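Architecture at a glance
Given next are the chains, with one letter for each unit.
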Amino acid sequence: MDTKNLGFESKLIHAGAFEDQFGSATVPIYQTSTFKFKSADHGAACFAGESDGYIYTRINNPTIDALEKLVAELENGYRAIAVSSGMGAVNTIYMGLLSQGDHMISSAAVYGPSRVVMEKHYSRFGVESTYVDTSNAENIRKAIRPNTKMIFIETPANPTMDITDLAEVVKIAREHNLITVADNTFCSPYLQHPLDFGFDVVFHSITKFMNGHADVVGGIIVSREKKFDSILRPMMINMGCNMDPHQAYLVIRGLKTLSLRMDRSQQSAQKIAQYLSDHPKIEWVKYPGLKSHPQYALATKQMAGPGAMISFEVKGGIKAGKILMDNVKLCLLAVSLGGVETLIQHPASMTHSKMAAADRLSAGITDGLVRFSVGIENVEDILADLEQALGRI
Ligand code: LCS
């Protein structure tokens, strides 16, 4: 069935699915490492790319294919590449698109390891990088060097919730012939489509909103054009960071309810953000759905909704923040995000602890910042949990 012209919610259910000989209603798990060729010539044709046949699961697999087709449609891209984790996506992109002597400009506030791996390891191979506050596009312009090759942004950024102007980044990149990459993890394709703004590559930690059930670690990369896919796909295959068929099956299952889950989480997040910003024990709250967010207007323009991630600081800094985190009962004190369970964590000592303290602070990740990922529980229960835990301070 051609699903290209269906609405987003219908694509979630039907895109990428294929009919098998049994009429299976869902995509089956092809838990096999290898595939039998029909003949030696068929095997050779598969390797030559002259046959659609399957070869070996690190290279291709029907279950993984179904997920890739689904996500390529959700992101309005040319083709998707499923990988073993979000960091698998980050590394496939860095390895595939940057070479010795190249320079990358990135949002200063990104998921900690996306920055740490570049500064600690790609620097060993002669790749240079500059981290700026990309929520002010002028900072990107100022950081451009003759050897700049790529602009890498995360919006909203983990964990500061800073928002980068997608259209503006593409404009700058086109003036200087740069590759644009967006980490769309915090939005999922339900809320934001960087490729529609002209970004070259978008990727996700699929572990988060897209899978949504805290039971899979995975990643996905979507290219706007064949040119990028044809570099990134062989890179993923040769690095060996492919997704597993069982992982792909679970993500396909999780994606079916993406819009329902995000609608609920987002509705609750709006209430919780408002509750926190009205609370006398809270210093500040950053949520794209609050008018107090410095880029509220931009968020409204480029995102279909404010999402379900909130950052805030408790009055009394991290000492008070720890009392809150130690006393929540319904909310889980855990890293990761975007699942059906509400999660709370402390970036400075957890997800972003491997960043240099000075870099963390200049990226706006203060020691007191607490990150909150809103799940799909009854919102009154989440609010009651916060109320009792804040009461302990
Ligand atoms: N990009 C973003 C925005 C992320 O939040 C994460 C993981 C990654 C990439 C990497 O994805 P992974 O390899 O874990 O699938 N973020 C995490 C977080 O904030 N807490 O735990 C993991």
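Please refer to the structure higher up on the page.
Residues numbered from 1 in each chain as written. Predicted model: local features only at pLDDT ≥ 70, side-chain atom pairs only at ≥ 80, totals over all residues. Heavy atoms only, no water.

**Concerning the sheet that holds strand β6 (residues 201-205)**
Here is the rule: One bridge is not enough; two strands pair if DSSP finds at least two bridges between them. In this text, helices come from DSSP runs of H or I with a minimum length of four residues, and strands from runs of E with a minimum of two, each type numbered from the N-terminal end. Angles here are taken between N-to-C directions and fall from 0 to 180 degrees, while the axes themselves are lines fitted to C-alpha atoms, restricted in helices to the stretch in contact. Contacts are assigned to residue pairs with any non-hydrogen atoms lying within 4.5 Å of each other.
Spatially, seven strands are ordered β1-β7-β6-β5-β4-β2-β3 in an open sheet, and the strand pairing comes out mixed. Each having just a single partner strand, β1 (79-83) and β3 (128-132) make up the two edges of the open sheet. Recorded for the sheet is a direction-independent mean angle of 20 degrees between the axes of neighbouring strands. Its contacts with the sheet place helix α8 (residues 226-239) against β1, β5 (179-183), β6 and β7 (219-223), and it is angled at close to 20 degrees to β1.

**Topic: helix α12 (residues 317-327)**
Selection criterion: Exposure classes here rest on a 1.4 Å probe applied to the protein chains alone. A residue is buried below 20% of its type maximum, exposed above 50%, and partly exposed in between.
Taken together, the buried positions of α12 are occupied by Gly 317, Ala 320, Gly 321, Leu 324, Met 325 and Asn 327. Buried-residue contacts for α12 involve β9 (309-314), β10 (332-333), β11 (343-345), β12 (369-373) and α14 (379-390).

**Details of the packing of aromatic side chains**
Heads up, the rule is: Here the aromatic set is Phe, Tyr and Trp, taking the six-membered ring for Trp, and pairing holds for ring centres within 6.5 Å; pairs whose planes are under 30 degrees apart are stacked, those over 60 apart are edge-to-face, and all others are tilted. Two conditions define a charge located above a ring, namely a distance within 6 Å from the ring centre to NZ of Lys or CZ of Arg, and an angle within 35 degrees of the ring normal.
Applying the stated rule across the entire model yields eight aromatic pairs. Measuring from ring centre to ring centre gives 5.4 Å for Phe 35 and Tyr 54, while their planes differ by 35 degrees; the resulting arrangement is tilted. Of the two residues, Phe 35 is situated in the loop between α1 (8-14) and α2 (40-47) and Tyr 54 in the loop between α2 and α3 (62-74); the sequence distance between them amounts to 19 residues. What makes Tyr 54 partly exposed here is its relative accessible area of 23%. For the ring pair Tyr 94 and Tyr 122, a centre distance of 5.2 Å and an interplane angle of 80 degrees mean the geometry is edge-to-face. Remark: Tyr 122 occurs in the loop between α5 (112-120) and β3 and Tyr 94 occurs in helix α4 (residues 86-97); sequence separation between them is 28 residues. An aromatic cluster is present here, built from Tyr 94, Tyr 122, Phe 152 and Phe 203 joined pairwise through their rings. It is Arg 115 that lies over the ring of Tyr 131; its NZ or CZ is 4.2 Å from the centre.

**As for the environment of Asp 52**
Mapped onto the elements, Asp 52 comes out in the loop between α2 and α3. Judged by relative accessible area, which is 77%, Asp 52 ranks as exposed.

**Side note on the layout of surface pockets**
Condition: Two kinds of site are reported from a 1 Å grid over the protein atoms alone, namely cavities, where a 1.4 Å probe fits but cannot get out, and pockets, open sets with protein on both sides within 12 Å along at least five of seven lines, and residues are called lining when an atom falls within 4 Å of a point. Grid points are joined across faces, edges and corners, and a volume is the space filled by probe spheres set on the points. Classes in brief: Ala, Val, Leu, Ile, Met, Phe, Trp, Tyr, Cys and Pro nonpolar; Asp, Glu, Lys and Arg charged; the others, Gly included, polar.
Estimates place the volume of the largest pocket at around 830 Å³. Contributing to the lining of the largest pocket are 36 residues, with Asp 65, Glu 68, Lys 69, Arg 79 and Arg 233 lying nearest its centre. Elements that contribute at least two residues to the lining of the largest pocket include exactly α1, α2, α3, β1 and α8. Ranked by the residues each element gives to the lining of the largest pocket, the list is headed by α8, at six residues. Looking at the lining of the largest pocket residue by residue, the class counts come to 14 nonpolar, ten polar and twelve charged.

**Looking at the pairing of β1**
Taken residue by residue, a regular strand's side chains alternate between the two faces of the sheet. For β1, a buried count of four out of five residues is recorded, marking the element as mostly surrounded by other parts of the structure. Here five bridges tie β1 to β7, and the two strands are oriented antiparallel to one another. Bridged to Val 83 within β7 is Gly 219.

**A closer look at the side chain of Glu 68**
Here is the rule: Nitrogen and oxygen atoms within 3.5 Å of one another constitute a polar contact, given that in protein one can donate a hydrogen and the other can accept it, and given that sequence-neighbouring residues count only through two side-chain atoms.
The topology assignment puts Glu 68 in helix α3. Within polar-contact distance, the side chain of Glu 68 engages the side chain of Arg 233 at 3.4 Å. With residues near it in sequence (within four places) discarded, Glu 68 still touches Ala 80, Ile 81, Ala 82, Ile 220 and Arg 233.

**Examining the packing of α3 against helix α9 (residues 245-255)**
The description of two packed helices rests on the angle between their axes and on the distance between the axes. Rules: A crossing counts as left-handed when the near helix is turned anticlockwise from the far one by less than a right angle, and as right-handed when that turn is clockwise.
It is the contact of α3 with α9, at a shortest axis distance of 8 Å, that shows an interaxial angle of 40 degrees. The chirality of how α3 crosses α9 is left-handed. Here Thr 63, Ile 64, Ala 66, Leu 67, Leu 70, Val 71 and Leu 74 of α3 lie close against α9, whose contacting residues are Pro 245, Ala 248, Tyr 249, Val 251, Ile 252 and Leu 255. When grouped by side-chain class, the residues that make up the contact of α3 with α9 number twelve nonpolar, one polar and no charged.

**Quick notes on the site of the ligand**
To keep it simple, the criterion reads: Think of it this way: one heavy atom of a residue within 4 Å of a molecule or strand is enough to make that residue near it. Where accessible areas are quoted, they stem from the Shrake-Rupley method and a 1.4 Å probe; at the residue level, only the protein chains shown are allowed to cover. Residue ranges assigned to each domain were obtained from an automatic or database domain assignment.
Residues in contact with the ligand amount to 17 residues; listed here are only the nearest, Asp 183, Ser 205, Thr 207, Lys 208 and Arg 371. Separating a nitrogen atom of the ligand from a side-chain N or O atom of Asp 183 is a distance of 2.6 Å. Ser 336 places a main-chain nitrogen or oxygen 2.8 Å from a nitrogen atom of the ligand. Taking 480 Å² as the accessible area of the ligand by itself, protein coverage stands at 93%. Grouping the constituent residues of the shell around the ligand by class yields four nonpolar, nine polar and four charged. Of the residues that make up the shell around the ligand, three or more belong to each of domain 1 (8-255) and domain 2 (258-390).

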